[in-house]
Amino acid sequence: NAGVTQTPKFRILKIGQSMTLQCTQDMNHNYMYWYRQDPGMGLKLIYYSVGAGITDKGEVPNGYNVSRSTTEDFPLRLELAAPSQTSVYFCASSYRDFSEAFFGQGTRLTVV
Amino acid sequence: TQLLEQSPQFLSIQEGENLTVYCNSSSVFSSLQWYRQEPGEGPVLLVTVVTGGEVKKLKRLTFQFGDARKDSSLHITAAQPGDTGLYLCAARQVLSQGGKLIFGQGTELSVKP
């Protein structure tokens, strides 16, 4: 069972570069989320989606963009990487509002 | 401003001790969840509480949702080294658009043998 799959697992970016963090789930979940986690901290919500074609901002959306063209995929785009975006990024999905959120393994991003 | 305040942030105890972790807010929530995260992994759900005053037990873990649905607690009895990890509460606000799942800053628990 694949669940939620994130790629890549690790990435080093230079300041100003762009990249897309990929997230795909095979559980036919409607809800998908992107979080960032800084050392010793909890998870901060970047963007979320309640279904294909529908996305909305979370707590810390600046510097990021998302799209949701299919139920399965929810990529996160960093346009102009900054050192403040160094973090571990987690993608998650859930079937509906009250249900369990399943997380990917995370992407460790360093911006230098 | 943190919507969900967890306390304590760090807790180091000896095996066999009891502990309580708190998750507080000024907002009312439609549901609240507790997750546990191990290093290098994503969080994994422990429990969901949806009714004010609800108490759920999971072996040595007891979860309580406040009557006003603004706070929750996690109590561990006779902690074991395997309980070590980051404990996170997460919630959805009553009036928010569906899907906005917010996490607290976490409680880092270390249980020493």
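Since the structure is predicted, the reported quantities are computational estimates derived from the model, not experimental observations. (Residues numbered from 1 in each chain as written. Chains lettered and ligands numbered in written order. Predicted model: local features only at pLDDT ≥ 70, side-chain atom pairs only at ≥ 80, totals over all residues. Heavy atoms only, no water.)

*Asks:* In this structure, what is going on with the sheet that holds strand β3 (residues 19-25) of chain A? I would like to understand it.
*Replies:* The pairing of strands in a sheet happens through backbone hydrogen bonds and is either parallel or antiparallel. Residues and elements named next belong to chain A. Strand order in the open sheet formed by four strands is β1-β3-β8-β7, and the pairing between neighbours is antiparallel. Among the strands making up the open sheet, the edge pair consists of β1 (4-7) and β7 (64-66). For this sheet the average axis-to-axis angle between neighbouring strands, irrespective of direction, equals 20°. Pairing between β3 and strand β8 (residues 76-78): three bridges, direction antiparallel. Paired with Thr-20 across the strands is Arg-77, a residue of β8. (Pairing = 2+ DSSP bridges. Helix = DSSP H or I, 4+ residues; strand = E, 2+ residues; numbered from the N terminus. Axes fitted to C-alpha atoms, helices over the stretch in contact; angles between N-to-C directions.)

*Asks:* Where do I start with the nonpolar core in this structure?
*Replies:* As a rule of thumb, nonpolar side chains are buried together in soluble globular proteins. Judged by nonpolar contacts, the single largest core of 21 residues is most densely connected at Leu-19, Leu-32, Trp-34, Leu-74, Ile-76 and Leu-109 of chain B. Elements supplying a minimum of two residues to this core: β3 (19-24), β4 (29-37), β5 (44-49), β7 (61-65), β8 (71-76), β9 (85-93) and β11 (107-112) of chain B. (Core = buried A, V, L, I, M, F, W, Y, C linked by side-chain atoms within 4.5 Å. Buried < 20%, exposed > 50% of the residue type's maximum accessible area, 1.4 Å probe, protein only.)

*Asks:* Where do I start with the state of the cysteines in this structure?
*Replies:* Defined simply, a disulfide is a covalent bond joining two cysteines at their sulfur atoms. Residues and elements named next belong to chain A. With the rule as written, the count across this model stands at two disulfides over all chains. Paired through a disulfide, Cys-23 and Cys-91 show a sulfur-sulfur distance of 1.8 Å. Given an S-S torsion of about -70°, the disulfide between Cys-23 and Cys-91 has left-handed geometry. Of the two residues, Cys-23 sits in strand β3 while Cys-91 sits in strand β9 (residues 87-94), which places them 68 residues apart along the sequence. Each member of the pair, Cys-23 as well as Cys-91, is classed as buried. (Disulfide = S-S within 2.5 Å.)

*Asks:* What's the story with the packing of aromatic side chains in this structure? I'm lost.
*Replies:* Any pair of aromatic rings gets described here by the distance separating the centres and the angle formed by the planes. Residues and elements named next belong to chain A. For the structure on display, the rule yields eight aromatic pairs over all chains. Taken together, a centroid distance of 6.0 Å and an interplanar angle of 40° make the contact between Tyr-35 and Phe-103 tilted. Placement of the pair is Tyr-35 in strand β4 (residues 31-37) and Phe-103 in strand β10 (residues 102-103), with a sequence separation of 68 residues. The exposure class of Tyr-35 is buried, given its relative accessible area of 0%. (Phe/Tyr/Trp six-rings, centres within 6.5 Å; stacked < 30°, edge-to-face > 60°.)

*Asks:* Can you walk me through unusual backbone geometry in this structure?
*Replies:* Both trends apply: most residues other than glycine have a negative phi, and most peptide bonds are in trans. Residue Thr-7 of chain A is joined to Pro-8 of chain A through a cis peptide bond whose omega torsion reads -5°. The omega angle of the peptide bond from Ser-7 of chain B to Pro-8 of chain B is -10°, so this bond is cis rather than trans. Tracing the sequence through the fold places Pro-8 of chain B in the loop between β1 (5-7) and β2 (10-14). For Arg-69 of chain B, which is not a glycine, the phi torsion comes out positive at approximately 60°. When you line up the elements, Arg-69 of chain B lands in the loop between β7 and β8.

*Asks:* Just to check I follow, could you spell out the environment of Leu-86 of chain B for this structure?
*Replies:* Mapped onto the elements of the fold, Leu-86 of chain B is located in strand β9. Note on Leu-86 of chain B: relative accessible area 7%, which makes it buried.

*Asks:* In this structure, what is going on with the side chain of Arg-36 of chain A? I would like to understand it.
*Replies:* Following the sequence through the fold, Arg-36 of chain A ends up in strand β4. Setting aside residues no more than four positions away along its own chain, Arg-36 of chain A makes contact with Gly-42, Leu-43, Lys-44, Ile-46, Val-60, Tyr-64, Ser-84, Gln-85, Thr-86, Ser-87, Val-88 and Tyr-89 of chain A. (Contact = heavy atoms within 4.5 Å.)

*Asks:* How should the sheet that holds β7 of chain B be read in this particular structure?
*Replies:* Residue and element names in this part refer to chain B. In spatial order, the strands read β1-β3-β8-β7-β6; together these five strands make up an open sheet with antiparallel pairing. Here the strands that pair on one side only, and so sit at the sheet edges, are β1 and β6 (55-58). Recorded for the sheet is a direction-independent mean angle of 15° between the axes of neighbouring strands. With four bridges connecting them, β6 and β7 associate as antiparallel partners. Paired with Leu-58 across the two strands is Leu-61, which belongs to β7.

*Asks:* It is not clear to me how the interface of chain B and chain A should be interpreted in this structure. Could you clarify?
*Replies:* The parts lose accessible area when they come together, and the size of an interface is often stated as this lost area. Each partner contributes to the interface: chain B provides 25 residues, whereas chain A provides 27 residues. At the junction of chain B with chain A, the criterion picks out zero salt bridges. Here chain B is connected to chain A by seven residue pairs in polar contact (both at pLDDT 80 or more). Residue assignment for the side of chain B that touches chain A shows that the elements contributing at least two residues are β4, β5, β9 and β10 (102-103) of chain B. The biggest single contributor to the side of chain B that touches chain A is β4 of chain B, with five residues. The residue inventory of the side of chain B that touches chain A, partitioned by class, reads nine nonpolar, 13 polar and three charged. (Salt bridge = Lys/Arg side-chain N within 4 Å of Asp/Glu carboxyl O. Polar contact = N/O pair within 3.5 Å; in protein donor to acceptor, adjacent residues only side chain to side chain. Nonpolar A, V, L, I, M, F, W, Y, C, P; charged D, E, K, R; others polar.)

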